[in-house]
Amino acid sequence: MDTHIGSVDGPSPAAVNGAVGCPASAPGCPIMSSHPAPSAAGEASLGRHLARRLVQVGVSDVFAVPGDFNLTLLDHLVAEPGLRLVGCCNELNAGYAADGYARARGVGACAVTFTVGGLSVLNAIAGAYSENLPVICIAGGPNSNDYGTNRILHHTIGVPDFSQELRCFQTVTCHQAVVTNLDDAHEQIDTAIATALRESKPVYLSISCNLPGLPHPTFTRDPVPFFLAPRMSNKMGLEAAVEATVEFLNKAVKPVLVAGPKLRVAKAGKAFVDLVDASGYAYATMPSAKGFVPETHPHYIGTYWGAVSTAFCAEIVESADAYLFAGPIFNDYSSVGYSFLLKKDKAIIVQPERVIIGNGPAFGCVMMKEYLSALAKRVQKNTTAYENYKRIFVPEGHPLKGEANEPLRVNVLFKHIQDMLTGDNAVLAETGDSWFNCQKLKLPEGCGYEFQMQYGSIGWSVGALLGYAQGASDKRVIACIGDGSFQVTAQDVSTMLRCEQNSIIFLINNGGYTIEVEIHDGPYNVIKNWNYTALVEAIHNGEGKCWTAKVKCEEELTAAIETALGEKKDSLCFIEVIAHKDDTSKELLEWGSRVSAANSRPPNPQ
C-alpha cells in the first residue's frame, strides 16, 4: 500500500570568433518587483546560473506567466540585474513575444508553468520553430521527488505520467531537457541554450520547482563566458560548389538573384548584397525575406511572389535562364498555390549549409555566408536582367485623391503609412490582407520588417509587437493588424503600456477574417464587431501613456497620424481604421483564388 498518498517527502541530502552577444543596454520595464532568492547574493545556484546564461547570450527580457511550479525560478530571474521579467496576460502571448524578441535580438526566452502553461505556449513555440527562431522555452516542472512515484499532480491531465508536456514539445523544438537533479543541471542548461543558438530553433527546458535555489559546485559564481565555435565549410566542398556555380551562371544570358527567409538563419544578408554588387544581377526578395536585404539598392526589383509579385518582378525572374535562390522556403503560400513558373534545371538553391545546382550536383557542408562571399569574387558581371527590367518598368500609379469625407480606402491608408516610414521604424504585418499591403511598402534603409508567413497564426502580431518593441527599443514599430486577429490576442496591449512602449497600431476594422473570405467564404468568417478604441481605453485605465483614434475618412487619418508622430510620439498610439468589408488588395484576390484552387484539388485516382 502506498503510504505517501497526499504527503510530501523532504528533499534528499545531497561576439567575435563565435562569441555570443552581450546583454543590451536598452531601457525597459521592471515588470515585477524584486524578491531576492535565498542564494541570489551568495552561493551560485541553479536559478542564478540560468539567469546569468540568458544575459550572456543577449537576453535582457524574459516573457513570463507565473504558476506555482515556476515561482521560485522567477524569483531568481527577477534577482538578476541584467534581466527584466515581463509579465504577460497569457502564455500564448508570452511565446509570441519571445518570437518577436528573437527577431529583434537574435534570441528570445519565455517562462511558464508545468503542462497547463506549457501546452498554452505550445502554439507560439511551433510558430517560432517554423520561422527558424531561437527561443528558449523554460517550464517550471514538478518537484524532483515526484517523478516515478505514481502520484497524480494538479495542472496535468490526471495520470501519473509526467511526460505529456515533454512529448508535445518534442515535435516543435530542436532539443529538450528535463532537469530533475543538480549533478547534470549545468550541462543540460548549457547544452539547451547552445543548441537553440546553433540550430536557430526553439528548445524546451523544464526545471523542477525545488531546484532553482540550490547551490552546486558546478555553478561558478560568475559563469565562464558563453562561446559557440563557428560552423565552417568543408574547404574542398566550398571550392567545388563555387566552381560549379560560376560555370553555371557565367553561361547564362540573364541571371537573377532571389533572397529567401533563411538568409536570417545563415546571417548571410551582407554577403548576398556583396554578390549583388559584384555580379550586377537584378535581385528580388521572397515575401518572407522582406527587410532582410536593402530595398534602396539600385538593382532591387521588388518582391517575387509568383502571380502576386511586385509589378514587373515576376516577369524578370521567371524569364531568366538562371536564378539563384538564397535560403528559400517553397510552400503553397509562397508559391501562390504551387503556381510558380520556375524550372528546376535553371535554379541554384542555396540553403544555410547546402547548395544544389540545377538537377545536380549537390554540395553539403557548404555554409551560405562563405559560399556567397566566395562567389562574389569569381562571378562575371552581367547586368542584362536589370537592364531588361528598366526597359519594361512603368512607374506605379497613385491612389486617387479621395473626395472630402469619402469613406477611407485601404490603399489610401497604406499610402500614408508609406509616407510615415523612416530608418527608425520597423513594420509588423499581421496574417491577412496586411501581408499583401505591407509587401508593397518601400522600406527605407534601416527600416525593419517582420511577419509570420510560414506558420501564419492569426493573432501573432500582438504578442510579437510586444516582444519586438521590447527588444528593439531604438525603433518605433508600426503594426498593421486586422480586427479578427486582434480579437485573438488583444490582452497584451496591457503589457505594452506597462513597458511604456510607443508603438503605433493600425487596427483595420473590416468586420471579419478577410483573408479567409478570399480563400473560401462562409458565415464563420464574420465576427462580432467591437468598439476597439473603447477597449484599448479600458485597458489603459489611466495608467501609462496611451492615445486612441477612430478614423473613417482620409482627413481623419491624416490628423491622427500627425498627432501620433507629433504630440503623442512618446505614447502607445492605437488608430482604428474603419474599412469596407470588401476593400481588399488585388493581390489578395488573386492569391486567394489560387490557394483555394490548390486546397480544393480532387483526390488523385486510386
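Residues numbered from 1 in each chain as written. Predicted model: local features only at pLDDT ≥ 70, side-chain atom pairs only at ≥ 80, totals over all residues. Heavy atoms only, no water.

The name an unreviewed UniProt entry assigns to the chain is pyruvate decarboxylase, from the organism Hordeum vulgare subsp. vulgare. According to the UniProt record, the Subunit (unreviewed entry) comment for the chain is "Homotetramer." Quoted verbatim from the Catalytic activity (unreviewed entry) field of the UniProt record, the comment on the chain reads "a 2-oxocarboxylate + H(+) = an aldehyde + CO2". (UniProt positions renumbered as here; feature names shortened; annotations may be inferred.)

**Re the overall build of the chain**
Within the chain, the regular secondary structure consists of 21 helices and 19 strands. For 606 residues, the compact-globule estimate of 2.2 N^0.38 gives 25 Å, and the chain sits close to it at 26 Å. Counting only C-alpha atoms and orienting by the principal axes, one finds that the chain spans roughly 80 × 65 × 60 Å. In the chain, which comprises 606 residues, the share counted as buried stands at 56%. For the chain, the exposed surface amounts to about 25,200 Å²; the carbon and sulfur share of it is 55%. The distance from the centre of the 48 positive side-chain charges to the centre of the 62 negative ones in the chain is 6 Å. (Helix = DSSP H or I, 4+ residues; strand = E, 2+ residues; numbered from the N terminus. Rg over C-alpha atoms; globule rule 2.2 N^0.38 Å. Buried < 20%, exposed > 50% of the residue type's maximum accessible area, 1.4 Å probe, protein only. Areas by Shrake-Rupley, 256 points an atom, 1.4 Å probe, with all protein chains shown as cover. Lys, Arg positive; Asp, Glu negative; His and termini not counted. Charge placed at Lys NZ, Arg CZ, Asp CG, Glu CD.)

**Quick notes on the pattern of salt bridges**
All chains considered together, the criterion is met by 21 salt bridges. For Arg 53, the salt bridge is made with Asp 190, and the minimal N-O distance between the two is 2.9 Å. On the criterion of sequence distance, the pair formed by Arg 53 in helix 1 (residues 46-56) and Asp 190 in helix 6 (residues 185-199) is long-range, its members being 137 residues apart. Classification of Asp 190 as buried rests on a relative accessible area of 14%. Between Glu 554 and Lys 415 there is a salt bridge whose closest N-O contact spans 3.3 Å. Taken together, the residues Glu 554 in helix 20 (residues 554-565) and Lys 415 in helix 13 (residues 410-420) connect sequence positions 139 residues apart. Residue class for Glu 554 comes out buried when judged on its relative accessible area of 10%. By relative accessible area, Lys 415 is classed as partly exposed at 25%. Because the salt bridges share partners, they merge into one network encompassing Asp 99, Arg 103, Glu 131, Arg 264 and Glu 450. (Salt bridge = Lys/Arg side-chain N within 4 Å of Asp/Glu carboxyl O.)

**Notes on the UniProt feature "domain: Thiamine pyrophosphate enzyme N-terminal TPP-binding" (unreviewed entry) in the chain**
The residues that UniProt annotates with the feature "domain: Thiamine pyrophosphate enzyme N-terminal TPP-binding" (unreviewed entry) are residues 46-150. Helix and strand shares over residues 46-150 are 46% and 20% respectively, and the end C-alpha atoms of the span are 27 Å apart.

**Regarding the domain arrangement of the chain**
As far as domains go, the chain holds domain 1 (46-208), domain 2 (235-392) and domain 3 (410-592). Distance from the C-alpha centre of domain 2 to the C-alpha centre of domain 3: 31 Å. The interface is formed by 18 residues belonging to domain 2 together with 18 residues belonging to domain 3. Interface of domain 2 and domain 3: buried area, both sides summed, is about 1,600 Å²; carbon and sulfur atoms make up 62% of it. Interface area lost by domain 2 to domain 3 is led by Lys 290, Trp 305 and Tyr 333, which between them contribute 38%. Seen at the junction of domain 2 and domain 3, the total is one salt bridge. Counting across the interface, domain 2 meets domain 3 through eight residue pairs in polar contact (both at pLDDT 80 or more). Of the residues contributing to the side of domain 2 that touches domain 3, the split by class is nine nonpolar, six polar and three charged. (Domains from an automatic or database assignment. Contact = heavy atoms within 4.5 Å. Buried area = accessible area lost by both parts, 1.4 Å probe. Polar contact = N/O pair within 3.5 Å; in protein donor to acceptor, adjacent residues only side chain to side chain. Nonpolar A, V, L, I, M, F, W, Y, C, P; charged D, E, K, R; others polar.)

**Topic: the nonpolar core**
Core analysis: the largest hydrophobic core is formed by 53 residues, its most contacted members being Phe 63, Ile 125, Val 135, Phe 169, Leu 428 and Phe 486. Here this core spans two domains, since at least three of its residues come from each of domain 1 (46-208) and domain 3 (410-592). In this structure, Phe 169 is in contact with Gly 118, Val 121, Leu 122, Ile 125, Cys 137, Gln 176 and Tyr 204, ignoring residues within four places of it in sequence. Among the nonpolar cores identified, the runner-up in size contains 41 residues, and Leu 413, Phe 506, Ile 575 and Val 595 belong to it. (Core = buried A, V, L, I, M, F, W, Y, C linked by side-chain atoms within 4.5 Å.)

**Things to note about the UniProt feature "domain: Thiamine pyrophosphate enzyme central" (unreviewed entry) in the chain**
Feature annotation in UniProt assigns "domain: Thiamine pyrophosphate enzyme central" (unreviewed entry) to the following positions: residues 242-358. In the segment residues 242-358, helix accounts for 26% and strand for 21%; the C-alpha atoms at its two ends are 14 Å apart.

**Digging into the sheet that holds strand 9 (residues 300-303)**
Ordered in space as 9-8-7-10-11-12-13, the seven strands form an open sheet in which the pairing is mixed. The strands lining the two open edges of the sheet, one partner per strand, are strand 9 and strand 13 (362-364). For this sheet the average axis-to-axis angle between neighbouring strands, irrespective of direction, equals 15 degrees. The sheet contact formed by strand 12 (residues 354-357) and strand 13 spans three bridges and is antiparallel. Across the sheet, residue Arg 354 finds its bridge partner in strand 13, namely Gly 364. (Pairing = 2+ DSSP bridges. Axes fitted to C-alpha atoms, helices over the stretch in contact; angles between N-to-C directions.)

**Digging into the side chain of Ser 571**
By the secondary structure assignment, Ser 571 is in the loop between helix 20 and strand 19 (572-578). If we skip the residues at most four places from it in the chain, Ser 571 touches Arg 476, Gln 501, Asn 502, Ser 503, Lys 545 and Cys 546.

**A look at the packing of aromatic side chains**
Inspection of every chain in the model, using the stated rule, returns 23 aromatic pairs. Ring plane angle 90 degrees and centroid distance 5.8 Å describe the contact between Phe 69 and Phe 114, whose orientation is recorded as edge-to-face. Highlighted residues: Phe 69 in the loop between strand 1 (61-64) and helix 2 (71-79) and Phe 114 in the loop between strand 3 (108-113) and helix 4 (118-130), separated in sequence by 45 residues. The buried category is assigned to Phe 114, whose relative accessible area is 2%. Judged by centre distance (4.8 Å) and plane angle (5 degrees), the rings of Trp 305 and Phe 436 are stacked. Of this pair, Trp 305 sits in the loop between strand 9 and helix 10 (313-318) while Phe 436 sits in helix 14 (residues 433-439), placing them 131 residues apart in sequence. Taken individually, Trp 305 and Phe 436 each receive the classification buried, so the pair is uniform in this respect. (Phe/Tyr/Trp six-rings, centres within 6.5 Å; stacked < 30°, edge-to-face > 60°.)

**A word on helix 9 (residues 269-279)**
Taken as a whole, helix 9 has its buried residues at Gly 269, Ala 271, Phe 272, Val 273, Leu 275, Val 276 and Ser 279. Next to the buried residues of helix 9 lie strand 7 (256-259), helix 8 (263-266), strand 8 (282-285), strand 10 (323-326) and helix 11 (368-376). A positive backbone phi angle near 75 degrees is found at Gly 280, which sits one or two residues after helix 9.

**Overview of helix 7 (residues 235-250)**
Across its 16 residues, helix 7 extends 22 Å between first and last C-alpha, which sits within 8% of the 22 Å expected from 1.5 Å per residue. Burial in helix 7 covers these residues: Gly 237, Leu 238, Ala 241, Val 242, Ala 244, Thr 245, Val 246, Phe 248 and Leu 249. Along its buried surface, helix 7 packs onto strand 10, strand 11 (347-351), strand 12, strand 13 and helix 11. The distance from a side-chain oxygen at the start of helix 7 to the backbone nitrogen of Met 236 is 3.1 Å, and the residue carrying that oxygen is Asn 234. (Expected span 1.5 Å × (residues − 1).)

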